[in-house]
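Here is how the chains run, residue by residue.
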Amino acid sequence: MTSYSRTHLQQLESEAIFVIREVVAQSERPVLLFSGGKDSIVLVRLAQKAFWPGKLPFPLLHVDTGHNFPETIEFRDELVARTGAQLIVRTVQDSINRGRAVEEKGPNASRNGLQIVTLLDALEELRIDVAIGGARRDEEKARAKERFFSHRDLFGQWDPKNQRPELWNLFNGRKNMGEHFRVFPLSNWTEMDVWQYIASEKLDLPRIYFAHEREVVQVNGVMLAHSPYLNLFTDQSAVRKRVRFRTVGDLTCTGAVESDASTLEEIIREIAAARMTERGTRFDDQRSEAAMEDRKKQGYF
């Protein structure tokens, strides 16, 4: 890694650590939203550095759709055991059982959007006033509208036209009773920055990020991992390909890319040459032109 890129990563690291410390300074019951994906793994490392040698001053919260990659759940449990972090899990299935959410039916059904209800219920139950997330502005155009401190109203909803200014990295964490913030310390990072930081810190990742053989199904141009949760048409069938995943999410909407990249160095070279954005592989973002923004307004991550 060049000295320039290392200096660049150090600046991003310092900024993110500053934001995480501001969260703890300004909030009473923060939590770190943890998916088992690369961005949330980087957040855990940054939080460790922010409060070393002490333990993390907040728990990890995982909203489990029940349709996750088994490799991700396995990695999540290993990381929690290794770091000694407190893990809180809330499930979409429980929301369905309680009548708080309704399972989608038919082709292309997914539980991804149902996470909104589970997340908002969890934040209310646990009385969370700040939820730290791994979203980055380069991921999707709706993400680009976010501030570091993203205010959410009494109903957990986001208004992109009513975000607070953040001049000179001064963050206004004031809120009324029942409101909360989503805070995104990686806002100024890119996908390449994340991968280079992972390489520099030698972080472990779930195996699905690296090239492997897997049965996949083409659904509207997206390669989805074959699983019992897919409702396929009769003319759709699984084929075995060598793939990897650029993002981690629900099995029913997280697309794979054909790849032979089996090391961090190979992935970094592949990302440098990629023509498709990271979330271009996400089937849930293709439901409408403003799919992500609509979900975020309802309370999505």
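(A) Structural context of the pattern of salt bridges. For the coordinates displayed, the defined rule picks out 19 salt bridges. With its nearest N and O atoms 3.1 Å apart, the salt bridge here joins Arg98 to Asp94. Overall, Arg98 belongs to the partly exposed group, its relative accessible area being 48%. Here Glu258 and Lys241 are joined by a salt bridge, their closest N and O atoms 3.6 Å apart. Of this pair, Glu258 sits in strand β10 (residues 255-258) while Lys241 is found in strand β9 (residues 239-245), placing the two residues 17 residues apart along the sequence. The network of salt bridges with common partners includes Glu13, Arg45, Lys49 and Glu201.

(B) Structural context of helix α6 (residues 191-201). In terms of burial, α6 is a largely internal element, nine of the eleven residues being buried. Residues of α6 that are buried include every one of Glu191, Asp193, Val194, Trp195, Gln196, Tyr197, Ile198, Ala199 and Glu201, and no others. Immediately beyond the C-terminal end of α6, within one or two residues, lies Lys202, with a positive phi of roughly 55°.

(C) Quick peek at a nonpolar patch on the surface. On the surface, Leu167, Trp168 and Leu170 cluster together to form a nonpolar patch covering roughly 430 Å² of accessible area. With respect to the helices and strands, the residue Leu167 is situated in the loop between β5 (149-152) and β6 (180-183). Residue Leu167 is classed as exposed on the basis of its relative accessible area, which comes to 53%.

(D) Up close: unusual backbone geometry. Going from Trp52 to Pro53, the amide bond is cis rather than trans, its omega being 10°. Despite not being glycine, Arg127 has its phi angle at roughly 55°, a positive value. When you line up the elements, Arg127 lands in the loop between α5 (115-125) and β4 (130-132). The phi dihedral of Lys202 falls on the positive side, at around 55°, and the residue is not glycine.

Reading the values: rules and limits
- Residues numbered from 1 in each chain as written.
- Predicted model: local features only at pLDDT ≥ 70, side-chain atom pairs only at ≥ 80, totals over all residues.
- Heavy atoms only, no water.
- Salt bridge = Lys/Arg side-chain N within 4 Å of Asp/Glu carboxyl O.
- Buried < 20%, exposed > 50% of the residue type's maximum accessible area, 1.4 Å probe, protein only.
- Helix = DSSP H or I, 4+ residues; strand = E, 2+ residues; numbered from the N terminus.
- Patch = residues over 30% accessible without salt bridge, like charges linked within 9 Å, V, L, I, M, F, W, Y side chains within 5 Å.
- Areas by Shrake-Rupley, 256 points an atom, 1.4 Å probe, with all protein chains shown as cover.

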